[in-house]
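# Descriptive analysis of the structure
Chain residues, written in single-letter form:
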Amino acid sequence: MADASSANHPLAEAAAFLRTRLPVQAPVAAIVLGSGLGGLAARISGAIRVAYRDIPGFAEPRVEGHAGELLHGTLGGREVLALAGRFHMYEGHAAAHSAFPVRVVHALGARTLILSNAAGGIRRTFAPGQLMVIADHLNLMFRNPLIGQVQPGDERFPDMSSPYDPDLRQRLHAIARGLGIRLEDGVYAGLLGPSYETPAEVRMLERLGADAAGMSTVPEVMVARAMGMRCAAVSCITNPGAGLSPEPIHHADVIEVTRRAAADFERLIEALVASL
Ligand code: HPA
């Protein structure tokens, strides 16, 4: 297998290409914009956008609510990178490919990763639109993007006792209090999807200690931790988990709820970035 420093390694190639397109200096964070939460991109000033289809090693996302571009600019006065669009495992991407954009933003200098996602509520008191800081996760995808040859600079056995940075979590809560945004803390269960859960699975997740369930984030955090990045993640609870309400779950409703919660989400993340 090629070494990461060789010019034809996909990671080195993607980073070298992006440096020709973006005036990257020292980004304080990279932000992954989840389903329907891409509106934060409009708050990035001086944004330069590169389409995923042009970046070596990237694929074009095909999920509604995902733009498919990498942005560079300033948010809250600080230099950031943003990934508007994901490679979900339910699209057929391997776990390692799902997390490839995280390797790329790390190669461009980002050492803090802020992730977001839409998720179903498992905790019964969560109403649609509730924002939740991820305190910890359950990897129920039963895949790990770190399997195989250890990548240069990665930990072989990354410590996962504190995958979501306690200082960033505490900052998010303090910011939310200051802005009057309701923000809870909870455990995110990552599942493969693309089917939503059954009511029995939702009851199982509740017993396992999950507060929310979604189809992303976990592979990205595992890779980010292996590289030593600090992570913060916010879920937008878009619907009660299956069986917790009489309503069926539709992706269009998921996107609609994220749009309504977007303003609070954007203020929260912008203030977090400004505090870095
Ligand atoms: N389950 C899993 N993922 C989701 C859900 C859900 O209920 N809602 C939005 N993403």
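The preceding data block contains the structure.
The structure contained in this document is the topic of the report that follows. (Residues numbered from 1 in each chain as written. Predicted model: local features only at pLDDT ≥ 70, side-chain atom pairs only at ≥ 80, totals over all residues. Heavy atoms only, no water.)

### Describing the overall build of the chain
Counted only if it meets this: For the purposes of this entry, the term helix denotes a DSSP run of H or I that reaches at least four residues, the term strand denotes a run of E that reaches at least two, and both are numbered from the N terminus. Only protein chains enter the accessibility calculation, which uses a 1.4 Å probe. A residue is then buried if its area is under 20% of the maximum for its type, exposed if over 50%, and partly exposed in between. Two residues qualify as a contact provided that any one of their heavy atoms is within 4.5 Å of a heavy atom in the partner residue. Reported accessibility uses the Shrake-Rupley method at a 1.4 Å probe radius. Residues are deemed covered only where the shown protein chains occlude them. When charges are counted, neither His nor the chain ends are considered; positive counts come from Lys and Arg and negative counts from Asp and Glu. By convention, charge coordinates are those of NZ in Lys, CZ in Arg, CG in Asp, or CD in Glu.
Assigned secondary structure in the chain consists of seven helices and nine strands. Principal-axis analysis of the C-alpha atoms gives the chain an extent of 55 × 40 × 35 Å. Among the 276 residues that make up the chain, the fraction classed as buried is 53%. In the chain, the share of contacts with a sequence separation of at least 24, taken over all contacts with a separation of at least 6, comes to 81%. As displayed, the chain has an accessible area near 11,600 Å², and 52% of this comes from carbon and sulfur atoms. Considering the chain, the positive charge centre built from 25 side chains and the negative charge centre built from 27 side chains are found 3 Å apart.

### Comments concerning the packing of aromatic side chains
What counts is decided by this rule: Whether two aromatic rings pair depends on their centres lying within 6.5 Å, for rings of Phe, Tyr and Trp, where Trp uses its six-membered ring; planes under 30 degrees apart make the pair stacked, over 60 edge-to-face, and the rest tilted.
The tally for this structure, following the rule as stated, stands at four aromatic pairs. Arranged with centres 5.5 Å apart and planes meeting at 85 degrees, the rings of Phe 58 and Phe 87 form a pair that is edge-to-face. Of the two residues, Phe 58 is situated in the loop between strand E2 (45-51) and strand E3 (69-75) and Phe 87 in the loop between strand E4 (78-84) and helix H2 (95-98); the sequence distance between them amounts to 29 residues. Residue Phe 58 shares its accessibility class with Phe 87, and that shared class is buried. These aromatic residues form a ring-pair network of at least three members: Tyr 52, Phe 58, Phe 87 and Phe 100.

### Thoughts on helix H6 (residues 218-226)
Burial runs high along H6: eight of the nine residues are buried. All of the buried residues along H6 are Val 218, Pro 219, Glu 220, Val 221, Met 222, Val 223, Ala 224 and Ala 226. In the stretch just after H6, Gly 228 is the one whose phi turns positive, near 85 degrees.

### Looking at the nonpolar core
Considering soluble globular proteins, one finds that nonpolar side chains tend to be buried as a cluster. Counted only if it meets this: Take the buried Ala, Val, Leu, Ile, Met, Phe, Trp, Tyr and Cys residues and link them wherever side-chain atoms come within 4.5 Å; each set so joined is a nonpolar core.
Ranked by internal contacts, the top residues of the largest apolar core, which has 47 residues, are Phe 58, Leu 70 and Leu 113. Taken together, the elements giving at least two residues each to this core come down to helix H1 (10-21), strand E1 (29-33), E4, helix H3 (100-107), strand E5 (112-121), strand E6 (131-139), H6 and strand E9 (230-240). In terms of residues, this core owes the most to one element, H6, which gives six residues. Once residues within four sequence positions are removed from consideration, Phe 58 is found in contact with Tyr 52, Leu 70, Leu 83, Phe 87, Phe 100, Pro 101 and Val 104.

### Section: the state of the cysteines
Let me state the cut-off plainly: Cysteine sulfur atoms are paired as a disulfide whenever they come within 2.5 Å of each other.
In the structure shown here, the tally under the stated rule is zero disulfides. Note on Cys 231: no disulfide assigned, nearest cysteine sulfur contributed by Cys 236 at a separation of 20 Å. Relative accessible area serves as the criterion here: at 0%, Cys 231 is assigned to the buried category. A relative accessible area of 0% means that Cys 236 is categorised as buried.

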